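# Observations on the three-dimensional arrangement
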Amino acid sequence: MKIILTSDVSGLGASGDSVEVRDGYARNYLLPQGMAIVATKGAQKQVESIRRSQENRRVRDLEHARELQEQLQNMGMVQLSKKVSKKGKLFGSITESDVTSAVRQAGGPSLDKRSIELKGNVKSLGKMAVGVRLHPDVYASMYVEVNPGG
């Protein structure tokens, strides 16, 4: 079955791509989830207009992502306080949401938690490097220090 993707699907393609998939995969998963539409001539024309608008938006987003990258790299060390036991171990672990709220509290930009890339489970105090994927072409790295507290 020939379909047009309406969102990015890993291993299949990006939004706006026209791909051929098995009937069951399209009918039972992609179409009900809203990830694709059936390919018709009218849908192809609609996809072309969407692609043109996405290209214009992507250029603006790239410039904005570079500004955010500069802000994040100029922030220095971001402090994050978490509750710890008497032995100095964290209760729970550091999540992407914790990092985004710490950046916001430090006066940085508001980030989407899905753009934060942590290296595995962070369950210890100290300094760590955190990656932020702001745009497919823009990647920022920053440092977060986890302290005992609150």
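Small disclaimer: the values here were computed from a predicted structure and weren't measured.

### Thoughts on the overall build of the protein
When its secondary structure is counted, the protein shows three helices and seven strands. Listed by position from the N terminus, the elements making up the protein come as β-β-α-β-α-β-α-β-β-β. Taken against the 2.2 N^0.38 rule, which gives 15 Å for 150 residues, the C-alpha radius of gyration of the protein at 21 Å runs more than 25% over that of a compact globule. Seen through its C-alpha atoms, the protein measures out along the principal axes to roughly 65 × 35 × 20 Å.

### Notes on the nonpolar core
Grouped together as the largest cluster of nonpolar side chains are 19 residues, with contacts concentrated most on Ile 94, Val 99, Met 128, Val 130, Met 142 and Val 144. For this core, the element with the highest residue contribution is strand E7 (residues 138–148), accounting for four residues. The contact partners of Val 144, leaving out residues within four places of it in the chain, are Met 77, Val 78, Leu 80, Val 99, Gly 126, Lys 127, Met 128 and Val 130. Grouped together as the second largest cluster of nonpolar side chains are nine residues, Val 9, Val 21, Leu 30 and Ala 36 included.

### Examining the sheet that holds strand E1 (residues 2–5)
If you walk across this open sheet you meet the three strands as E2-E1-E3, and the pairing is antiparallel. Two strands lie at the open edges of the sheet, namely strand E2 (18–20) and strand E3 (36–38), each paired on one side alone. Averaged over all neighbouring strand pairs, the angle between strand axes comes to 40 degrees, with direction disregarded.

### Description of the UniProt feature "domain: Ribosomal protein L9" (unreviewed entry) in the protein
Residues annotated in UniProt with the feature "domain: Ribosomal protein L9" (unreviewed entry) correspond here to residues 13–40. What you have in residues 13–40 is 29% helix and 21% strand, and the ends, taken at the C-alpha atoms, are 18 Å apart.

### Looking at the pairing of strand E6 (residues 126–135)
Bridge analysis of strand E5 (residues 116–117) against E6 gives two bridges, and the strand direction is antiparallel. Bridge pairing in E6 links Glu 117 to Gly 131. The sheet contact formed by E6 and E7 spans nine bridges and is antiparallel. Considered in E7, the bridge of Val 130 is made with Met 142. Between E6 and E7, which follow one another and run antiparallel, lie two residues.

### Side note on the pattern of salt bridges
In this structure the tally under the stated criterion is two salt bridges. A salt bridge links Asp 112 to Arg 114, with the shortest nitrogen-to-oxygen separation between them at 3.0 Å.

### As for the sheet that holds E6
Taken in spatial order, the four strands of this open sheet run E4-E7-E6-E5, and their pairing is mixed. If you trace the sheet from one side to the other, it starts and ends with strand E4 (77–82) and E5, each paired once. The strands touched by helix H3 (residues 96–105) are E4, E5, E6 and E7; relative to E4, the strand with the most contacts, the crossing angle is about 125 degrees.

Calculation criteria
- Residues numbered from 1 in each chain as written.
- Predicted model: local features only at pLDDT ≥ 70, side-chain atom pairs only at ≥ 80, totals over all residues.
- Heavy atoms only, no water.
- Helix = DSSP H or I, 4+ residues; strand = E, 2+ residues; numbered from the N terminus.
- Rg over C-alpha atoms; globule rule 2.2 N^0.38 Å.
- Core = buried A, V, L, I, M, F, W, Y, C linked by side-chain atoms within 4.5 Å.
- Buried < 20%, exposed > 50% of the residue type's maximum accessible area, 1.4 Å probe, protein only.
- Contact = heavy atoms within 4.5 Å.
- Pairing = 2+ DSSP bridges.
- Axes fitted to C-alpha atoms, helices over the stretch in contact; angles between N-to-C directions.
- UniProt positions renumbered as here; feature names shortened; annotations may be inferred.
- Salt bridge = Lys/Arg side-chain N within 4 Å of Asp/Glu carboxyl O.

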